[in-house]
Each structure stands twice: as structure tokens, then as C-alpha cells.
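Remarks on the overall topology
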Amino acid sequence: MNISTRHRRRVALALGAVCAAGLALTGCSGSGNDAGDSGTDQSTGANQGKKIHVTLITKDPNDPFWVAMMDGAKKEAAKQGAQITLASGKDQTDADGQIRAIEDAVTRGDDGIMIANNGPAVNEAIKKAQEAGLFVVAVDTPTTPTDLVSATFASDNRLAGEQIGKWAAGALAGKPAKIAALDLFADKVVSIDYERDQGFLAGMGIDVKDPNKIGDEPSTGKYSGGDYTVVCHEATDGAEDGGRTAMEKCLTLSSDINVVFTANEPSALGAVQALKAAGNTTALVVSINGSCDGIKALQDGVLGADAQQYPSKMGAMGVNAIIEHVKNGTTPTPDAGKDFTNTGITLVTDKAVAGLESIGAADGAKLCY
């Protein structure tokens, strides 16, 4: 499709999407929420006479992580005079909701999509959006394969896992480790899942065999400080109730678990509930996210360490990448040796381990979302 044909199609679609006479263009899709903006119209290339329009598709609409990403994206869009539509699945398992949001963005004639994808089931819809001329970038969750999209803005999830793994190993001070690994999914393979899990075990000094496969490490052996046993790998779907159920299952296998890896904070909070109900108050619980709720749990002693991410920055960088591509034809270059742009990870704990860089919970609270 040449530029002028694409422009005529977009203008026609935009006129058809006007929701009321005399109002500015808004997103009329049931799966999206148009945030509007107060900036001036862009007037370059295919976008002459209309604002650059970006859609951000997250995994669910309410989790603080995704809310922070949406806020960062909205602020960047307003700053640059672009228009943004917000959409999501209903939760981290909902691929169909994300597919509908992608189709809506194509129908509107949007310029680009940022997506935290809910797994490979979304891939075909992403391809169709690209064929329609939209510039697609991944945020937080790399696609499989990663080169399916034009750029990825994400935390280094393997590094996040390694940081909390090194902290757990140091905090144990040579004690035998009985480990419960509470992962994300049982029904699909997603890089964010195995990178966090395998990063954690590698951080503890455990031989993970295949670093892209969960659960193939020896169930017993040596970690960097002593003996270890991996009691369980259980999926949580990244949810609090999932974390509680998964932890209950692990405790039936061993009541004296003393290290709990959780792939995100909601599952961590559920795991803590199960541990308390079982009378286990000494297990080291570590997680990844760094939300204000998570940092508060750390301050209260519920979590031992948390790898903090910066979703607002992901949202802003994704919007900027789409705008720069539309205006100048540029595509972001990933970090050296990576297939994504790292948006930052910081270890937060009030029980620092020697030789491991970290910040305290008070500083983490200044950066949380």
C-alpha cells in the first residue's frame, strides 16, 4: 500500500470514527479507551492533517503496573501532541481481548501499536497489523519470536531474577535452601516467565541446564552457599489467588520451605497468605515488580527483596518510538548484545547483602508506582 492510498484510507476511517458532530477524533472502540490530548496536530508525511495515533494494549486494565505504563504513555503522547487509545485484555491470560484491540487499531487506521502481549496466540493479529502499515513495538513482554515486532522496551527479566536469586543466596548465609518456585503460566511458554525463573535459580548459583526451560534443573544439589532442594514449580497466572493456591500445593510437599521465588507481586502476596496459614513465618519471599504495594510489603517484612521495574518509562519510550518512526522513518536500536531496550531494574531490600548493589525500601518508595 503506497503512502497516499494509505492516507486516503486513514482519513476515511477517521471520519467514520467521529463519535459526535463538532467533537475531536476519539476512539469509539469497545475494547479501547481514547485518552485524547491537548497538543497540536502533527503535519508530516502520511499524517498531514491528523494527529499521530497510538494504541497501547496492556494485559489488564487495573493492575498498578499497567496503570503506571498507561500513565507514562499518556503523558508522552500529550507532550508530543499525539493521540492515544488505551486497551487491554481482561487479565494476563486473555489473548482474545488483545486481538480485538489490535483489530480495532487497524480499523481506525492508527499509526502504531504498543503491546504487552498475552502470548503467541496474539502473533497473527500483530502480523496483520504490520501488513496494514502499523508500526508495532512490544512493551514489558517480548514477543516470541522477538523479531516479530520492530522494537521491544522491557526490563531485563533475567537480570531481575538473578538479582533476587543472589540476594536469597546471600541472605541464607549457608543454610540449606528448600525452594518453592511460583511461576506465571502452565499453559503457554512466555519469555518473561522462564527468564525470571531461570534467572533466579542461576542467581542462587544453581545449574539451570537449559536457561530457557523451566524445571529441568536437578531437584537437589549445591547452590552458591550450600545444599538446595527445589520442592516445586507451580503456576499462578500472575494472580494473588493463584499464588495462594500454588503455595498451598508446595507446602503439601514440604512444610519447611524457606525460600519462595514469585514471578510477580500479586502472586507473592497470595503466597504469603498461604505461608501464614500454615504457620511458616520465616520463609524468604522474593519477587519482581517494585510497585508501591510491593515496597510497602517489603517495609512490613512480608517480602525480603524486590526487583523494581519502571513501567511508566516503558510506556513513554514506546510512544516516542512510534512517533519518531512516523515522523522520521527511524527504528530503535536495541541495547548492545540484547534484542530489546532495557528500561531498568533496581534491587530493593532493607536487608542488604554484601557485594550486591541495592537500595533501601525508603528509596524504592520514591520510585514505585
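Structure's up top.
To keep things clear, this report deals only with the structure shown in the data block. (Residues numbered from 1 in each chain as written. Predicted model: local features only at pLDDT ≥ 70, side-chain atom pairs only at ≥ 80, totals over all residues. Heavy atoms only, no water.)

Topic: the overall build of the protein chain
- Helix and strand counts for the protein chain come out as 11 helices and 14 strands.
- Sequence separation of at least 24 residues holds for 68% of the intrachain contacts in the protein chain that already meet a minimum separation of 6.
- Within the structure as shown, the protein chain displays about 15000 Å² of accessible surface, and the carbon and sulfur contribution to it stands at 51%. (Helix = DSSP H or I, 4+ residues; strand = E, 2+ residues; numbered from the N terminus. Contact = heavy atoms within 4.5 Å. Areas by Shrake-Rupley, 256 points an atom, 1.4 Å probe, with all protein chains shown as cover.)

Considering the state of the cysteines
- Within the structure shown, the criterion is met by two disulfides.
- In this model C292 forms its disulfide with C368; the gap between the sulfur atoms is 2.1 Å. In this structure, the disulfide formed by C292 and C368 twists by about 90° around the S-S bond and is classed as right-handed. Note that C292 is positioned in helix α9 (residues 292-299) and C368 in the segment after α11 (361-367), a separation of 76 residues in sequence.
- Owing to a relative accessible area of 31%, C292 belongs among the partly exposed residues under this scheme. (Disulfide = S-S within 2.5 Å. Buried < 20%, exposed > 50% of the residue type's maximum accessible area, 1.4 Å probe, protein only.)

A short note on the packing of aromatic side chains
- Under the counting rule described, the total for this entry stands at three aromatic pairs.
- With a centroid separation of 5.7 Å and an interplanar angle of 80°, the aromatic rings of F65 and Y369 are classed as edge-to-face. Of this pair, F65 sits in helix α2 (residues 64-80) while Y369 sits in the segment after α11, and the two are 304 residues apart along the sequence. Considered together, F65 and Y369 belong to a single accessibility category, that of buried residues.
- Through a chain of ring-to-ring contacts, the aromatic side chains of F65, W66 and Y369 assemble into a single cluster.
- A cation sits over an aromatic face here: K188 above F185, 4.5 Å from the ring centre. (Phe/Tyr/Trp six-rings, centres within 6.5 Å; stacked < 30°, edge-to-face > 60°. Lys NZ or Arg CZ within 6 Å of the ring centre and 35° of its normal.)

What to know about the environment of D104
- Mapped onto the elements of the fold, D104 is located in helix α3 (residues 95-108).
- Along the backbone, D104 and A87 are 17 residues apart, and their C-alpha atoms lie at a distance of 9.7 Å.

Section: the pairing of strand β9 (residues 226-235)
- For strand β7 (residues 177-183) and β9, the ladder comprises seven bridges, and the chain directions are parallel. The partner of A181 across the bridge, within β9, is H233.
- Here strand β8 (residues 220-223) pairs with β9 via four bridges, running antiparallel. Paired with K222 across the two strands is D227, which belongs to β9.
- Hairpin connection from β8 to β9: two residues lie between these consecutive antiparallel strands. (Pairing = 2+ DSSP bridges.)

Here we look at the side chain of S291
- Position of S291 among the secondary structure elements: in the loop between β11 (284-289) and α9.
- Residue classification places S291 among the buried residues on the basis of a relative accessible area of 5%.
- Only 2.4 Å separates the side chain of S291 from the side chain of E265, close enough to count as a polar contact. (Polar contact = N/O pair within 3.5 Å; in protein donor to acceptor, adjacent residues only side chain to side chain.)

Considerations on the pattern of salt bridges
- Scanning the entire structure with this criterion turns up nine salt bridges.
- Close ionic contact of K209 with D207 constitutes a salt bridge, the shortest N to O distance being 3.4 Å.
- For K222, the salt bridge is made with D227, and the minimal N-O distance between the two is 2.6 Å.
- When its relative accessible area of 40% is taken as the criterion, D227 is described as partly exposed. (Salt bridge = Lys/Arg side-chain N within 4 Å of Asp/Glu carboxyl O.)

Considerations on the sheet that holds β7
- Overall, mixed pairing links the seven strands, which are arranged β8-β9-β7-β10-β11-β12-β14 in an open sheet. Edge strands, defined here as strands with exactly one partner in the open sheet, are β8 and β14 (346-348). Strand-to-strand twist in this sheet, taken as the mean axis angle between neighbours without regard to direction, amounts to 25°.
- Pairing geometry for strand β10 (residues 259-262) and β11, over three bridges, is parallel. If you follow V259 over to β11, its bridge partner there is L284. (Axes fitted to C-alpha atoms, helices over the stretch in contact; angles between N-to-C directions.)

Things to note about the side chain of T343
- Tracing the backbone shows T343 in the loop between β13 (341-342) and β14.
- Not counting residues within four places of it along the chain, the set of residues in contact with T343 comprises F153, A154, S155, Y310, K313, M314 and M317.

Topic: the nonpolar core
- Within the largest apolar cluster, 33 residues are counted, with the highest numbers of intra-cluster contacts made by I164, W167, A177, I179, F200, M204 and Y223.
- At the level of secondary structure, the elements contributing two or more residues to this core comprise α5 (157-172), β7, α6 (191-203), β9, β10, β11 and β12 (305-308).
- I179 has contacts with F200, M204, I206, Y228, T229, V230, V231, C232 and V259, leaving out every residue within four places of it along the chain.
- Residues L56, I84, M114 and V326 belong to the second largest nonpolar core, which totals 27 residues. (Core = buried A, V, L, I, M, F, W, Y, C linked by side-chain atoms within 4.5 Å.)

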